[in-house]
Amino acid sequence: MRWWLVVACLWLTVVLVVTEAQTKTRHRHKRKNAADGRGRSRSGHSKSHKVRRVHGARIPLQTGDMQADTLFLESYKNFQDERFSYNVIPDSNLSLDLSGDSPVPNDPSEPVKPLTPEEIQRILWREEEEHRELEERLRKRDEARKKRKKERKEQEEKQRKIVEEQRRMEEEELRRQLEKEEEEWRRKQEEDERRRQEEERRRQEEAKEKELKLEEERRQEENLREELLALVEEEDDKQEEEEEVWLRGDVFQMPTKDDEEPTEPVPIPGPPEVTGEEMKEMEVDAEEEGDEEEEREVVFENRGGLPPGCDISDVMVTCDNVKLTYFPPLSILELKSLSLEGNNITNIPAEAFNGIPNLEWINLKKNKLTSAGIDANAFKGLKTLRRLYLDGNLLETVPSNLPSTLQELKISENRLQRIHKNDFRDLGDLVILELEGNLLSESNVDPQGFSPLTQLSYLRLGRNHFRTVPQGLPGSLLELYLENNLIEEISETVFNQTHMLNVISLRHNRLDETKIAPLAWIQHRNIESIDLSHNDFYLVPSYLPKSLVHLVLVRNNIERIPGYVFAHMDPGLEYLYLSFNKLDGEGIEPESFFGAYHSMVELCLDHNQLESVPSGINEMTNLHFLRLNNNKIRSIPDESICDPGHSGDSTLAAVHLDYNYIDPLKISPTAFSCVRSSSSVVLKPQKTK
């Protein structure tokens, strides 16, 4: 609207300027006409008279004639409201000056001729008529200007309404467009959600199918293992040794699972259990013994005021998940095992075990025990305790004054923040120690904290915050588990004192081939199993232990197996798991398996990017299991798996080649001639091209 106002102002300015110019022009024409009249009078024409308005003059006209003066004064009074005075110019030689006393001749030599009242009246009427005409023209001009202004306003209003209507239509169109886009977006989201749900359902179905298939494969492999074991039992001492080597493949179960319970290296008797037949025998004996035995049963039932759900016998009390909030007062001298797992016990007083001093096994898992809630002398009187389970509590430190007879201690899934120098004092008989799922790191574990554990064989430190392998490991250690930590390097000296170490698990850490010192473990003669799965390796690491038999490198980024990487091993690598990596045809050299041709028993290269069967497999004379499934293999040449020149009994029991791009109809009948049974070759299903 502002630009319309600007235009209107400009137009009004132009009108005023033009009007003023026309007025000036008109006055000039009048003066010119007056001059022409005077000229005509001098040349003999009739004389014209002119009355000129003079602003600001209010004096009467004096002509010398009283009657004329009186008439002029009356006329002058009639026009007094207009605030104008007049100069009457009778001819070219006479001018009436209303501000003077008498006519003033143009030429002083000429006589002044006075005007008659009629002439003056006519002059005044003519001037009045001209004045009215001028006012009428101005009025018409104002009306025309007002009309144009009104029309312009109407035009502007119409234009404004048009603009508003157009804007309203645009806004309505934009709103409809937004609603349409929102509806499309909502429909797309619903379709995506439906597609995601369908994909998730399909993935779950595929996972179930795969799980069933894997289960079926495991059953088949288990059957094959049983058949092989049955055959091995009938062979000589050499075959018995082969059987022992064969079973080493179970050190790390494939595929690995973090929640698997570890196999205990040292057989420690478990808590005695009472079977159903023994309970029946005990009931028969109780009936035969009479009143004395009945009294004893009553004592057992009422002893300690235990809640319903507790199982009590003469050697074992089990009160798992019965919502106990206190340590029950028991007085059973012959009790050997006590299980209070899954309750809400918060403290153990000093006298808790006074009535049950002969305990050998205590299970206090999944309670709410705190370090402050366990009395310093709570376990001190237990002279025969061998197993103590404190997993899943709220402990921040290791309980003090633990019995020296302890052989197994589990404090996993707690809040341990430090291992002090004397935490394991007097525990020289401890064989198994589990401290997983705590807040431990190399900075809060004293290097001498494990030194009292002279018989420790099995140590679990997984799910903590270690960046390096902890120092001061016991020399008696056989198995070390450090999975799910933040370990980034392995120094040269960390395993110098652990000469008996046999199994190391370092899966789910941050290691790669450049972070392992060349002399870290290459000289060890007892390390047989290493699990390095779920790390950051791009190559199979060099300088592996000479005695290595079992190597797990599942789910890394391995692209290449360097040549001769296994050549220094003695007697040779037997179990190699490289599943779920990035191996292709160029990543495996002809010398990659050099040193393992006669020792390899299980080889897993599944879920890689292989386009052909790697060279060297047909030279593995002791190979039992081969997994090449889930690759990009398209053909199986005759000599790629079986060597036709090899003499002697074949050992290959199972070959997996499913989920590749192989056409089974194009495989030569002799391609699997070395496999013991054709049913052990898995070729279906295959991927579609």
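Bear in mind that the values here come from a model prediction, so they are computed numbers and not experimental data.

In terms of helices and strands, the protein carries 6 helices and 21 strands. Relative to its full complement of 689 residues, the protein shows a buried share of 40%. Long-range contacts, defined here as pairs at least 24 residues apart, represent 57% of the contacts in the protein between residues at least 6 apart. Entry remark: accessible area of the protein is about 39,000 Å², with carbon and sulfur atoms responsible for 49%.

The subject of this paragraph is the nonpolar core. Counting residues in each nonpolar core, the largest one holds 113 residues, and the members touching the most others are F353, W521, F566, F593, I641 and F672. Residues contacting W521, with those up to four places away along its chain left out, are I490, F495, I504, L506, I516, I527, I530, Y543, L544 and P545. Core analysis: the second largest hydrophobic core is formed by 7 residues, V552, V554, Y575 and C604 among them.

With that settled, the discussion passes to the state of the cysteines. This model, assessed by the stated rule, comprises 2 disulfides. Each sulfur in the disulfide pair C310 and C319 lies 2.1 Å from the other. For the disulfide bridge between C310 and C319, the dihedral angle about the S-S bond is near 130°, and by the sign convention the bridge is right-handed. One exposure class covers both C310 and C319, and it is buried. At a sulfur-sulfur separation of 1.9 Å, the disulfide partner of C642 is C674. Every disulfide takes its handedness from the sign of the S-S torsion; for C642 and C674 that torsion is -70°, giving left-handed. Of this pair, C642 sits in the loop between strand 19 (625-627) and strand 20 (654-656) while C674 sits in the loop between strand 20 and strand 21 (681-682), and the two are 32 residues apart along the sequence.

A few words on the pattern of salt bridges. Any two side chains of opposite charge can pair if their charged atoms end up close together. Scanning the entire structure with this criterion turns up 34 salt bridges. Notably, a salt bridge pairs E408 with R387, separated by 3.2 Å at the nearest N-O pair. Here E408, found in strand 10 (residues 408-410), pairs with R387, found in strand 9 (residues 387-389); they are 21 residues apart in sequence, far enough to count as distant. A relative accessible area of 0% means that E408 is categorised as buried.

In this description, an aromatic ring pair is defined by two values, namely the gap between the centres and the angle between the planes. Under the defined criterion, the tally for this structure stands at 8 aromatic pairs. What links up through ring pairs into an aromatic cluster is the set F327, F353 and F379. Positioned over the ring face of F580 is R555, at 3.9 Å from the centre of the ring.

Moving on: the environment of C319. With respect to the secondary-structure elements, C319 resides in the loop between strand 6 (316-318) and strand 7 (337-339). Owing to a relative accessible area of 0%, C319 belongs among the buried residues under this scheme. For the pair C319 and L338, spaced 19 residues apart in sequence, the C-alpha separation works out to 8.2 Å. With near-sequence residues (within four places) excluded, C319 lies in contact with L306, C310, L324, S339, L340, E341 and N343.

With that settled, consider the confidence of the model for the protein. Summary statistics for the protein give a mean pLDDT of 79 and a share of 75% for residues scoring 70 or more. Note on residues 38-65: pLDDT is under 50 here. Beyond four places in sequence and across chains, it has 75 contacts. Ignoring residues within four places in sequence, the model shows residues 254-284, a span with pLDDT below 50, making 47 contacts including any to other chains.

Judged by side-chain charge, E619, D638, E639 and D643 come together as a negatively charged surface patch. Its place among the elements puts E639 in the loop between strand 19 and strand 20.

Negative phi characterises most residues that are not glycine, and trans characterises most peptide bonds. Note the cis peptide between D570 and P571, where omega equals 15°. Its place among the elements puts P571 in the loop between strand 16 (550-552) and strand 17 (575-577). With an omega of 0°, the peptide bond between K684 and P685 qualifies as cis. The residue P685 is located in the segment after strand 21 in this model. A positive phi angle, near 55°, is found at N401, a position not held by glycine. Counting through the fold element by element, N401 comes out in the loop between strand 9 and strand 10. Residue D426 is not a glycine yet carries a positive backbone phi of 70°. If you trace the backbone, D426 turns up in the loop between strand 10 and strand 11 (432-434). Exposure remark for D426: the relative accessible area of 55% places this residue in the exposed category.

Let us look at the side chain of N631. By the element assignment, N631 lies in the loop between strand 19 and strand 20. A distance of 3.0 Å separates a polar atom in the side chain of N631 from the backbone oxygen of L628. Aside from chain neighbours lying at most four places away, what touches N631 is L605, D606, H607, N608, Q609, L610, Y659, N660, Y661 and K687.

Assignment of secondary structure puts V549 in the loop between strand 15 (529-531) and strand 16. On the basis of relative accessibility, which here comes to 2%, the residue V549 falls in the buried class. Between the alpha carbons of V549 and S529 there is a distance of 6.0 Å; along the sequence they are 20 residues apart.

Mapped onto the elements of the fold, H524 is located in the loop between strand 14 (503-505) and strand 15. A polar contact is formed between the side chain of H524 and the backbone oxygen of F495, at a distance of 3.0 Å. With residues up to four places along the chain from it excluded, the contact list for H524 reads F495, T498, H499, P545, K546 and S547.

What counts, and where the lines are drawn
Residues numbered from 1 in each chain as written. Predicted model: local features only at pLDDT ≥ 70, side-chain atom pairs only at ≥ 80, totals over all residues. Heavy atoms only, no water. Helix = DSSP H or I, 4+ residues; strand = E, 2+ residues; numbered from the N terminus. Buried < 20%, exposed > 50% of the residue type's maximum accessible area, 1.4 Å probe, protein only. Contact = heavy atoms within 4.5 Å. Areas by Shrake-Rupley, 256 points an atom, 1.4 Å probe, with all protein chains shown as cover. Core = buried A, V, L, I, M, F, W, Y, C linked by side-chain atoms within 4.5 Å. Disulfide = S-S within 2.5 Å. Salt bridge = Lys/Arg side-chain N within 4 Å of Asp/Glu carboxyl O. Phe/Tyr/Trp six-rings, centres within 6.5 Å; stacked < 30°, edge-to-face > 60°. Lys NZ or Arg CZ within 6 Å of the ring centre and 35° of its normal. pLDDT = per-residue confidence, 0-100. Patch = residues over 30% accessible without salt bridge, like charges linked within 9 Å, V, L, I, M, F, W, Y side chains within 5 Å. Lys, Arg positive; Asp, Glu negative; His and termini not counted. Charge placed at Lys NZ, Arg CZ, Asp CG, Glu CD. Polar contact = N/O pair within 3.5 Å; in protein donor to acceptor, adjacent residues only side chain to side chain.

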